[in-house]
Amino acid sequence: MQNILTDQINYYRARADVYDESISSGLETFDIGKSLLSKLGKFDQILELACGTGIWTETLLNMGNHVTAVDAAPEMLKIAKEKFGDERITYQQADLFNWNPDKEYDLVFFANWLSHVPPNAVDDFLSKVKKSLRKNGVIAFVDQHAPSDADKAIAEKEIYAKRPLAGQEFTIIKVFYDLEDLERRLEGLRLKVSVEKFGENFFLMRGKQNE
Ligand SMILES: C[S@@+](CC[C@H](N)C(=O)[O-])C[C@H]1O[C@@H](n2cnc3c(N)ncnc32)[C@H](O)[C@@H]1O
């Protein structure tokens, strides 16, 4: 498993330069997700995990005072920094499987990341996220609840996908988590959960700390 998690980082490091172009056909769907995300309100300190090139960071900057943007791939962080500078963003390079929150946040957000977390690591990851919440803090995340045709074409077994890139082939984790299962996991962390589907196969899930 460790090899696959390393391959997954290497895949995104290699893809950083072409990432924005490669997801351009999905931008309209993400615009719907961004407007749902904006409706969560205003926050002071925001943590964005697996920020990539910053596709969602601009929306987060409009929702809060300061964003801490974390990703394992320096190439991704470099592109995000070129786009948004560092006046209201702190960039942190970290492997989220060996990460611990450095402080508490009002909103923790991640997009297209949970599907890359293997099932046996989901609870550990979500409880770390919960630990990084301030009182009345919110967790929100966007992901796919079902595979697209393109996902089906490269699926390998239940949790792996083979991703070809520039003459190489990488193996990554790709899991389409059941929404009810995710809701139960968040409720187990004493979060009040709501979920909204958008586009063909995306969702935004929100978990708010019970008072
Ligand atoms: C599908 S991209 C999502 C990027 C961005 N959130 C978006 O929606 O466009 C997955 C991101 O996870 C990052 N990543 C992969 N493995 C990681 C790890 N172990 N720790 C932190 N980030 C990781 C990749 O570098 C990549 O930026």
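Scroll up for the structure.
Conventions we followed
- Residues numbered from 1 in each chain as written.
- Predicted model: local features only at pLDDT ≥ 70, side-chain atom pairs only at ≥ 80, totals over all residues.
- Heavy atoms only, no water.
- Helix = DSSP H or I, 4+ residues; strand = E, 2+ residues; numbered from the N terminus.
- Rg over C-alpha atoms; globule rule 2.2 N^0.38 Å.
- Buried < 20%, exposed > 50% of the residue type's maximum accessible area, 1.4 Å probe, protein only.
- Areas by Shrake-Rupley, 256 points an atom, 1.4 Å probe, with all protein chains shown as cover.
- Lys, Arg positive; Asp, Glu negative; His and termini not counted.
- Charge placed at Lys NZ, Arg CZ, Asp CG, Glu CD.
- Near = heavy atom within 4 Å.
- Polar contact = N/O pair within 3.5 Å; in protein donor to acceptor, adjacent residues only side chain to side chain.
- 1 Å grid on protein atoms, 1.4 Å probe; cavity = no way out; pocket = protein on both sides within 12 Å on 5 of 7 lines; lining within 4 Å.
- Sits in = over half its atoms within 2 Å of the grid points.
- Salt bridge = Lys/Arg side-chain N within 4 Å of Asp/Glu carboxyl O.
- Contact = heavy atoms within 4.5 Å.
- Pairing = 2+ DSSP bridges.
- Axes fitted to C-alpha atoms, helices over the stretch in contact; angles between N-to-C directions.
- Phe/Tyr/Trp six-rings, centres within 6.5 Å; stacked < 30°, edge-to-face > 60°.
- Lys NZ or Arg CZ within 6 Å of the ring centre and 35° of its normal.

**Student:** So what exactly am I meant to see when it comes to the overall build of the chain here?
**Tutor:** Looking only at helices and strands, the chain features seven helices and 10 strands. The globule rule puts the C-alpha radius of gyration for 211 residues at 17 Å, and the 16 Å found for the chain is close to it. Across its three principal axes, the chain shows a C-alpha extent of roughly 50 × 40 × 35 Å. The buried share among the 211 residues of the chain stands at 50%. Summing over all exposed atoms, the chain offers an accessible surface of approximately 10,400 Å²; the carbon and sulfur share of this is 45%. The distance from the centre of the 27 positive side-chain charges to the centre of the 34 negative ones in the chain is 5 Å.

**Student:** Could you clarify how one ought to interpret the site of the ligand in this entry?
**Tutor:** As a structural note, the neighbourhood of the ligand is formed by 20 residues, with Ala50, Asp71, Asp95, Leu96 and Asn112 the closest of them. Residue Trp56 places a side-chain N or O atom 3.2 Å away from an oxygen atom belonging to the ligand. A distance of 2.9 Å separates a nitrogen atom of the ligand from a polar backbone atom of Ala111. Alone, the ligand offers 600 Å² of accessible surface; in the complex the protein occludes 98% of this. Placement of the ligand is best described as lying within the largest pocket.

**Student:** For this particular structure, what's the right way to read the pattern of salt bridges?
**Tutor:** Working definition: two side chains of opposite charge can pair if their charged atoms are close together. Under the criterion given, the structure shown has eight salt bridges. Between Lys83 and Asp20 there is a salt bridge, with the nearest N and O atoms lying 2.8 Å from each other. Residue Lys83 is located in helix H4 (residues 74-84), and its partner Asp20 is located in helix H1 (residues 2-22); the two are separated by 63 residues in the primary sequence. Among the salt bridges present, the one from Arg185 reaches Asp181, with a minimum N-O distance of 3.1 Å. Within this pair, Arg185 and its partner Asp181 are both found in helix H7 (residues 179-188), separated by four residues, close to a single helical turn. One network of salt bridges, in which partners are shared, links Asp44, Asp106 and Arg134.

**Student:** Is there a simple way to explain the environment of Phe176 in this structure?
**Tutor:** Residue position: Phe176 is located in the loop between strand S8 (168-173) and H7. If near-sequence neighbours (up to four positions away) are discounted, Phe176 is found in contact with Gln144, His145, Ala146, Pro147 and Asp151.

**Student:** So what exactly am I meant to see when it comes to the sheet that holds strand S10 (residues 202-209) here?
**Tutor:** Hydrogen bonds between backbone atoms are what pair the strands of a sheet, whose relative direction is either parallel or antiparallel. With mixed pairing, seven strands are arranged side by side in an open sheet as S3-S2-S1-S4-S5-S10-S9. Unpaired on one side and paired on the other, strand S3 (89-93) and strand S9 (191-198) mark the two borders of the sheet. Each neighbouring strand pair of the sheet contributes to a mean axis angle of 15 degrees, computed without reference to strand direction. Here S9 runs beside S10; their pairing, made up of eight bridges, is antiparallel. When the sheet's bridge partners are listed, Val193 is paired in S10 with Gly207. Lying on the sheet, helix H5 (residues 119-131) is in contact with strand S1 (43-49), strand S4 (105-111), strand S5 (133-144), S9 and S10; it crosses S5 at an angle near 140 degrees. Where H7 meets the sheet, it contacts S5, S9 and S10, and its direction lies at approximately 155 degrees from that of S9.

**Student:** I would appreciate a short explanation of the packing of aromatic side chains in the present structure.
**Tutor:** Any two aromatic rings considered together are summarised by their centre-to-centre distance and by the angle between their planes. What the rule picks out here adds up to 12 aromatic pairs. Ring centres of Phe198 and Phe202 lie 5.8 Å apart, and the angle between their planes is 25 degrees; on these two criteria the pair is classed as stacked. Of the residues examined, Phe198 reaches a relative accessible area of 4% and is grouped as buried. Chaining the aromatic ring pairs together yields one cluster made of Phe97, Phe110, Trp113, Phe125, Phe141 and Phe203. One cation-aromatic arrangement involves Lys34 over Trp56; the distance from NZ or CZ to the ring centre is 5.9 Å.

**Student:** Explain the sheet that holds S8 to me, please; I cannot follow it from the model alone.
**Tutor:** Pairing is antiparallel across the open sheet formed by three strands, whose spatial order is S6-S7-S8. Two strands lie at the open edges of the sheet, namely strand S6 (155-156) and S8, each paired on one side alone. With two bridges connecting them, S6 and strand S7 (residues 160-165) associate as antiparallel partners. Directly across from Glu156, in S7, lies its bridge partner Tyr160. Against the sheet, H1 touches S7 and S8, its axis set at about 120 degrees to S8.

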